[in-house]
Amino acid sequence: MTEREQHFMQAAIDLARQGMNAGKGGPFGCVIVKGDEIVGQGCNSVTSSNDPTAHAEVVAIRDACLQLHTHQLTGCELYTSCEPCPMCMGAIYWARPDKVFFAGTRTDASAAGFDDSFIYEEIAAPVGDRKIPLVNLGRPGAVQVFAEWVAKPDKITY
């Protein structure tokens, strides 16, 4: 790890500690870097915002996209204090940063009471075998909206 990378990882870890000590949520922090500048940051704010999606990575992605006036983070690096959970990995793939650095592992998080194994198992399970039922309903209407999207001449693709 380079000195630069260590600097930004430490910033993510410091955010994790600050957010935890401020009572915002769990011990997770994230910074997004473009060049040598932090363009987005976030700490876990799940309990303070009553938002189960307010994980550090999601908060940081929202912040960086707002600051950069874009919905994609091409040309950026993401530094997070812990291996991203499945939800955060989805957000990361949608945001498209160039690289992700993480400090703690999912095993470390599990030992601290943050166990995502159930989610990993559910994602791998067939739709009909998942614990939360997924019911296909209203498909023709949804397909029609997709057709309208395909035909929309002024759409912004992503």
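Whatever comes next refers back to the structure up there.
Throughout, a residue's number is its position along its own chain's written sequence, starting from 1. A pLDDT threshold of at least 70 governs which residues receive local features in this predicted model, and a stricter bar of 80 or more applies before side-chain atom pairs are shown or counted, although totals over entire chains, interfaces and linings include all residues. As a convention, hydrogens and water are excluded, and side-chain values are obtained from all of the structure's heavy atoms.

**Here's the deal with the nonpolar core**
Moving on, step 1. In this structure, I32, I61, L73 and L78 are the most contacted members of the largest nonpolar core, which totals 16 residues.
Moving on, step 2. Of all the secondary-structure elements, those providing two or more residues to this core are β1 (29-34), α3 (56-68), β3 (76-82) and α4 (86-95).
Moving on, step 3. Looking at this core element by element, the count peaks at five residues for α3.
Moving on, step 4. Once you skip the residues sitting within four places of it in the chain, L78 turns out to touch C30, V31, I32, E57, I61, I92, K99, V100 and F101.
Moving on, step 5. To qualify as a nonpolar core, a set must consist of buried Ala, Val, Leu, Ile, Met, Phe, Trp, Tyr and Cys residues joined through side-chain atoms within 4.5 Å. Relative accessibility decides the category of a residue: with a 1.4 Å probe and only protein chains considered, values under 20% of the type maximum give buried, values over 50% give exposed, and everything between is partly exposed. By size, the runner-up hydrophobic cluster in this structure holds nine residues, among which are A11, V33, Y79 and F101. In this description a helix means any DSSP run of H or I spanning at least four residues, a strand means any run of E spanning at least two, and both kinds are numbered starting from the N terminus. Here, two residues are considered to be in contact whenever any of their heavy atoms come within 4.5 Å of each other.

**Some points on the layout of surface pockets**
Moving on, step 1. If you add up the space inside the largest pocket, you get close to 240 Å³.
Moving on, step 2. Along its surface, the largest pocket is lined by 15 residues, and F28, H55, C85, F114 and D116 are the ones closest to its centre.
Moving on, step 3. The set of elements that each furnish at least two residues to the lining of the largest pocket consists of α3 and α5 (106-111).
Moving on, step 4. In terms of residue class, the lining of the largest pocket is built from nine nonpolar, two polar and four charged.
Moving on, step 5. Every definition here rests on a 1 Å grid over the protein atoms only: cavities are sets of points where a 1.4 Å probe fits but cannot get out, pockets are open sets enclosed by protein on both sides within 12 Å along at least five of seven lines, and lining residues have some atom within 4 Å of a point. Grid points are joined across faces, edges and corners, and a volume is the space filled by probe spheres set on the points. The computed volume of the second largest pocket comes to approximately 170 Å³.
Moving on, step 6. For the second largest pocket, the lining is made up of 14 residues, of which A16, P27, F28, S81 and C82 are closest to its centre. Only Asp, Glu, Lys and Arg are considered charged, only Ala, Val, Leu, Ile, Met, Phe, Trp, Tyr, Cys and Pro nonpolar, and every remaining residue, Gly among them, polar.

**Points about the pattern of salt bridges**
Moving on, step 1. Here, a salt bridge means any Lys or Arg side-chain nitrogen found within 4 Å of an Asp or Glu carboxyl oxygen. Scanning all chains against the criterion turns up six salt bridges.
Moving on, step 2. Put simply, R17 and D14 hold a salt bridge, and the shortest N to O gap is 3.9 Å. In this pair, R17 and D14 both sit in helix α1 (residues 3-21), three residues apart, roughly one turn of the helix.
Moving on, step 3. The partner of E83 in a salt bridge is R106, with the nearest N and O atoms 3.2 Å apart. Taken together, the positions of E83 in the loop between β3 and α4 and R106 in helix α5 put the pair 23 residues apart, joining distant regions of the chain.
Moving on, step 4. Overlapping salt bridges bring together R4, D36 and E77 as one network.

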